[in-house]
Amino acid sequence: MALSITLPTAGGTLAPYALRGQVLAKPEAGLKFNRIAYSAAHVVADPLAAVDPWLQAAVDWDTTIAYRRHLFSLGLGVAEAMDTAQRGMGLDWPTSLELIRRSLDAAKDVPGAFVASGCGTDHLNIDEVKSVDDVIRGYEAQMEAIEKLGGKLIVMASRALARVATGPADYERVYGRILSQAKQPVVLHWLGDMFDPALAGYWGTKDIDAAMDTALGIIAAHPDKVDGIKISLLDKDKEISMRRRLPSGVRMYTGDDFNYAELIAGDGFGSEATHSKSDALLGIFDAIAPAASTALGALAKGDSETFHALLGPTVPLSRHIFAAPTRFYKTGVVFMAWLNGHQKHFTMVGGQQSTRSLQHFAELFRLADAASVLEQPELAVRRMKTLLALHGVE
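Below, the structure is looked at part by part. From a predicted model like this one, the values you see are computed outputs, not experimental measurements. (Residues numbered from 1 in each chain as written. Predicted model: local features only at pLDDT ≥ 70, side-chain atom pairs only at ≥ 80, totals over all residues. Heavy atoms only, no water.)

1. Focus on the overall build of the protein
Moving on, step 1. For the protein, the helix and strand inventory stands at 15 helices and 10 strands.
Moving on, step 2. Taken against the 2.2 N^0.38 rule, which gives 21 Å for 394 residues, the C-alpha radius of gyration of the protein at 20 Å falls within 12% of a compact globule.
Moving on, step 3. Overall, the C-alpha framework of the protein stretches about 65 × 50 × 45 Å when taken along its three principal axes.
Moving on, step 4. Within the protein, the fraction of its 394 residues that count as buried is 56%.
Moving on, step 5. Within the protein, contacts between residues at least 6 apart in sequence are counted, and of these 73% link residues at least 24 apart.
Moving on, step 6. If you sum the accessible surface of the protein, you get close to 15900 Å²; carbon and sulfur atoms cover 51% of it.
Moving on, step 7. When the 39 basic and 45 acidic side-chain charges of the protein are each reduced to a single mean position, those positions are 2 Å apart. (Helix = DSSP H or I, 4+ residues; strand = E, 2+ residues; numbered from the N terminus. Rg over C-alpha atoms; globule rule 2.2 N^0.38 Å. Buried < 20%, exposed > 50% of the residue type's maximum accessible area, 1.4 Å probe, protein only. Contact = heavy atoms within 4.5 Å. Areas by Shrake-Rupley, 256 points an atom, 1.4 Å probe, with all protein chains shown as cover. Lys, Arg positive; Asp, Glu negative; His and termini not counted. Charge placed at Lys NZ, Arg CZ, Asp CG, Glu CD.)

2. Here we look at unusual backbone geometry
Moving on, step 1. Cis geometry is found at the peptide bond from Ala 324 to Pro 325, where omega equals -10 degrees.
Moving on, step 2. One non-glycine residue with positive phi stands out, namely Trp 203, at about 70 degrees.
Moving on, step 3. Looking at where Trp 203 falls in the secondary structure, it is placed in the loop between strand 7 (186-191) and helix 6 (208-221).
Moving on, step 4. Note on Trp 203: relative accessible area 0%, which makes it buried.
Moving on, step 5. A positive phi is found at Ser 372, a non-glycine position, where the angle reads about 60 degrees.

3. Looking at the packing of aromatic side chains
Moving on, step 1. Under the defined criterion, the tally for this structure stands at 17 aromatic pairs.
Moving on, step 2. With 6.3 Å between their ring centres and 55 degrees between their planes, Tyr 139 and Tyr 175 make a pair best called tilted. Remark: Tyr 175 occurs in helix 5 (residues 168-181) and Tyr 139 occurs in helix 3 (residues 132-148); sequence separation between them is 36 residues.
Moving on, step 3. Note on Tyr 139: relative accessible area 1%, which makes it buried.
Moving on, step 4. When the ring of Tyr 202 is compared with that of Trp 203, the centres are 5.2 Å apart and the planes differ by 75 degrees; the resulting orientation is edge-to-face. Accessibility assignment for this pair places Tyr 202 and Trp 203 in one class, buried.
Moving on, step 5. Residue placement shows Arg 327 over the ring face of Phe 328; its charged tip is 4.8 Å from the ring centre. (Phe/Tyr/Trp six-rings, centres within 6.5 Å; stacked < 30°, edge-to-face > 60°. Lys NZ or Arg CZ within 6 Å of the ring centre and 35° of its normal.)

4. Observations regarding the nonpolar core
Moving on, step 1. Formed by 121 residues in total, the largest nonpolar core has its most connected members in Tyr 202, Phe 285 and Phe 365.
Moving on, step 2. Those residues in contact with Tyr 202 that lie beyond four places of it in its chain are Tyr 139, Met 156, Ala 157, Ser 158, Leu 161, Ala 162, Tyr 171, Tyr 175, Trp 190 and Ala 211.
Moving on, step 3. Of all hydrophobic cores here, the second largest spans 10 residues; its members include Ala 79, Met 156, Tyr 253 and Leu 281. (Core = buried A, V, L, I, M, F, W, Y, C linked by side-chain atoms within 4.5 Å.)

5. Some remarks on the sheet that holds strand 8 (residues 226-232)
Moving on, step 1. Strand order in the closed barrel formed by eight strands is 3-4-5-6-7-8-9-10, and the pairing between neighbours is parallel. Taken pair by pair, the neighbouring strands of this sheet meet at an average axis angle of 25 degrees, ignoring direction.
Moving on, step 2. Bridge analysis of strand 4 (residues 77-80) against strand 5 (residues 115-119) gives three bridges, and the strand direction is parallel. Residue pairing for strand 5: Ala 79 is matched across the bridge by Ala 116.
Moving on, step 3. The sheet contacts of helix 2 (residues 93-108) involve strand 4 and strand 5, and relative to strand 5 the element is tilted by about 170 degrees.
Moving on, step 4. The strands that helix 3 touches are strand 5 and strand 6 (152-155); relative to strand 5, the one it contacts most, it runs at about 155 degrees. (Pairing = 2+ DSSP bridges. Axes fitted to C-alpha atoms, helices over the stretch in contact; angles between N-to-C directions.)

6. A short note on the pairing of strand 5
Moving on, step 1. Across the five residues that make up strand 5, a large majority, five, are buried.
Moving on, step 2. A crossover connection joins strand 4 to the parallel strand 5 through helix 2; in handedness this β-α-β unit is right-handed.
Moving on, step 3. Note: strand 5 against strand 6, four bridges, orientation parallel. Looking at strand 6, one finds that Cys 119 is bridged to Val 155. (Right-handed = clockwise from strand over helix to strand, strands pointing away.)

Structure (structure tokens):
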């Protein structure tokens, strides 16, 4: 018998929904990719900790690291302590550093596993940051701590820098200083203001093309210190334009959770191999990890039809999870982990489970089913009914 559930509709009524209930086959062990693929990974809150959830971070370390091992087993790298892990939205720097340490330790036990870790300035009291030098010192402190653990850096966009910089020259100074000291090539991180309003005007201007010129100039001045740049602007044309202008060997890591399938597949154009396609550093890969792994494996075999058949249906789901206000997408990612049995509860660091409506979760459930990314449909239905009951729908 087909599974069914009564769900809220956008109009505020209730309607029956019959699941497709189709489950994708598990990815083959040892899949090889021809793209570098990082999943920005979420953290699992500890619901039994005696803390004030809005003020203190309490992490269930065992379940959090178990999920990273799951990602590693699928051939995906982990972008650690990033926006998806609620960095700056509940996860503080001391907890982030402990997360990085534990993730790096876990990777040592898995052949081929790889991790890159977020390095920012979020430990600074932004009201006390008065100059670019304060920002540089902030970056250097986190950089030293991560590199001491042997970690590769993702140089995250800085709210403090966006606040005190007076123009592109300040960005050139800060990034030049950090890149000149990096022990290994880093991934730069350009997060649009739809993800974080405090980052509006990053690179010293609100003109995206001019901002891109500044970022490309910084990369061109330090090409041996930049592995690639992740941009999350949700604008595929801007990403492609920047990708084609990157120095030889510098990768574009797509952070476009609206258009990732076609950006990863590539268009075949460009004077360099890295100009024709994007690698990946995506929050949505946390929520659709098995599908992403199988699709990337197919792409590596030259089977673009299967790649698109698997990833294409996940795009509407991703667009829903990352819908405005985009910064609340983490709630959808954690909701998916709960539905799929990767954690026992739906609570989040910072109480962020409250940022989306019941209608939003209901549509997410329908789209996840349509994309065949509900890994255990029966469990997903039971858990969705639990959420409905908590909202008075029984």
